[in-house]
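Residue strings, one per chain:
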Amino acid sequence: MRTTIAVVLLGGLLGCSPETPAPRALTTSRLKQLGYTLEVLRKEKPAALSSLVPGANDGKEDRLRQFLMHEQANLQPIREQDIGKLVTDGWGHPFNLASRAEVTAKDPASPLLRFPGDILVWSSGPDGTNQFGRGDDVVYTPAQ
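Note that the coordinates shown come from a computational prediction; the quantities given were computed from them, not determined experimentally. (Residues numbered from 1 in each chain as written. Predicted model: local features only at pLDDT ≥ 70, side-chain atom pairs only at ≥ 80, totals over all residues. Heavy atoms only, no water.)

Thoughts on the pairing of strand S1 (residues 96-99)
Turning to step 1, where the next piece is worked out: The alternating pattern of S1 places Asn-96 and Ala-98 and Leu-97 and Ser-99 on opposite faces, both of which are buried.
Turning to step 2, where the next piece is worked out: Bridge count for S1 against strand S2 (residues 119-122) is four bridges, and the pairing is antiparallel. Following the sheet pairing, Asn-96 is matched in S2 by Trp-122. (Buried < 20%, exposed > 50% of the residue type's maximum accessible area, 1.4 Å probe, protein only. Helix = DSSP H or I, 4+ residues; strand = E, 2+ residues; numbered from the N terminus. Pairing = 2+ DSSP bridges.)

Below you can see the structure in the form of structure tokens.
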């Protein structure tokens, strides 16, 4: 399973930079990778996710980066520089991270609630303003 996580994570990271001509596509790809990673960790190491909740990171990448660095051994062969790319969107803004309960209390856009698991991750979009899935925010919604 570790190999599967690493392949998915690295597949979307190599060769990407904040100057990408398709920042929305890059953001969606990274959100998908994060969703998959969090879901696998939820199933295989549920106690690990407790360090991410309660509380939101309010667009500060440190919390998500620290968590992924702590879990790096489970995500091998992901490298530190790959984690650095994974925690920011295509515009270079840190992803938003919050528990499902916190987000639900903020009356989010319904697609945001389709993100898998109890921890939600989304982008504030090109303007960098968190609108909880509304406006120009980018949300990954898995295929139903």
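Thoughts on unusual backbone geometry
Apart from glycine, the bulk of residues carry a negative phi angle, and the bulk of peptide bonds sit in the trans form.
Turning to step 1, where the next piece is worked out: The residue Asp-107 is not glycine, and still its phi comes out positive at about 55°.
Turning to step 2, where the next piece is worked out: Among the secondary structure elements, Asp-107 is positioned in the loop between helix H6 (100-104) and S2.
Turning to step 3, where the next piece is worked out: Here Phe-132, not a glycine, exhibits a phi torsion of approximately 50°, which is positive.
Turning to step 4, where the next piece is worked out: Structurally, Phe-132 can be placed in the segment after S2.

Quick look at the packing of aromatic side chains
Turning to step 1, where the next piece is worked out: Applying the stated criterion across every chain yields a total of two aromatic pairs.
Turning to step 2, where the next piece is worked out: Centroid distance Phe-115 to Tyr-140: 6.3 Å. Interplanar angle 85°. Geometry classified as edge-to-face. Here Phe-115 is found in the loop between H6 and S2, whereas its partner Tyr-140 is found in the segment after S2, with 25 residues between them in sequence.
Turning to step 3, where the next piece is worked out: A relative accessible area of 15% means that Tyr-140 is categorised as buried.
Turning to step 4, where the next piece is worked out: Measuring from centroid to centroid gives 5.6 Å for Trp-122 and Phe-132, while their planes differ by 40°, and the two rings are tilted. Remark: Phe-132 occurs in the segment after S2 and Trp-122 occurs in strand S2; sequence separation between them is ten residues. (Phe/Tyr/Trp six-rings, centres within 6.5 Å; stacked < 30°, edge-to-face > 60°.)

Here's the deal with the environment of Gly-128
Turning to step 1, where the next piece is worked out: Looking at the secondary structure, you find Gly-128 in the segment after S2.
Turning to step 2, where the next piece is worked out: Each C-alpha atom, one on Gly-128 and one on Gly-92, is 9.2 Å from the other, the two residues being 36 residues apart in sequence.

Some words on the nonpolar core
Turning to step 1, where the next piece is worked out: If you look at the biggest cluster of nonpolar residues, it comprises 28 residues, and the most contacted ones within it are Leu-38, Phe-67, Leu-68 and Val-121.
Turning to step 2, where the next piece is worked out: For this core, the secondary structure elements donating two or more residues are helix H2 (23-44), helix H3 (46-49), helix H4 (61-70), helix H5 (80-86), S1 and S2. (Core = buried A, V, L, I, M, F, W, Y, C linked by side-chain atoms within 4.5 Å.)

Brief notes about the pattern of salt bridges
Turning to step 1, where the next piece is worked out: The final tally for this structure, using the stated rule, is five salt bridges.
Turning to step 2, where the next piece is worked out: The shortest N-O distance in the salt bridge between Lys-43 and Glu-39 comes to 3.9 Å. Highlighted residues: Lys-43 and Glu-39, both in helix H2, separated by four residues, approximately one helical turn.
Turning to step 3, where the next piece is worked out: With its nearest N and O atoms 3.8 Å apart, the salt bridge here joins Asp-107 to Arg-134. Pair noted here: Asp-107 is in the loop between H6 and S2 and Arg-134 is in the segment after S2, with a separation of 27 residues, a long-range link.
Turning to step 4, where the next piece is worked out: Among the residues examined, Arg-134 registers a relative accessible area of 39% and is labelled partly exposed. (Salt bridge = Lys/Arg side-chain N within 4 Å of Asp/Glu carboxyl O.)

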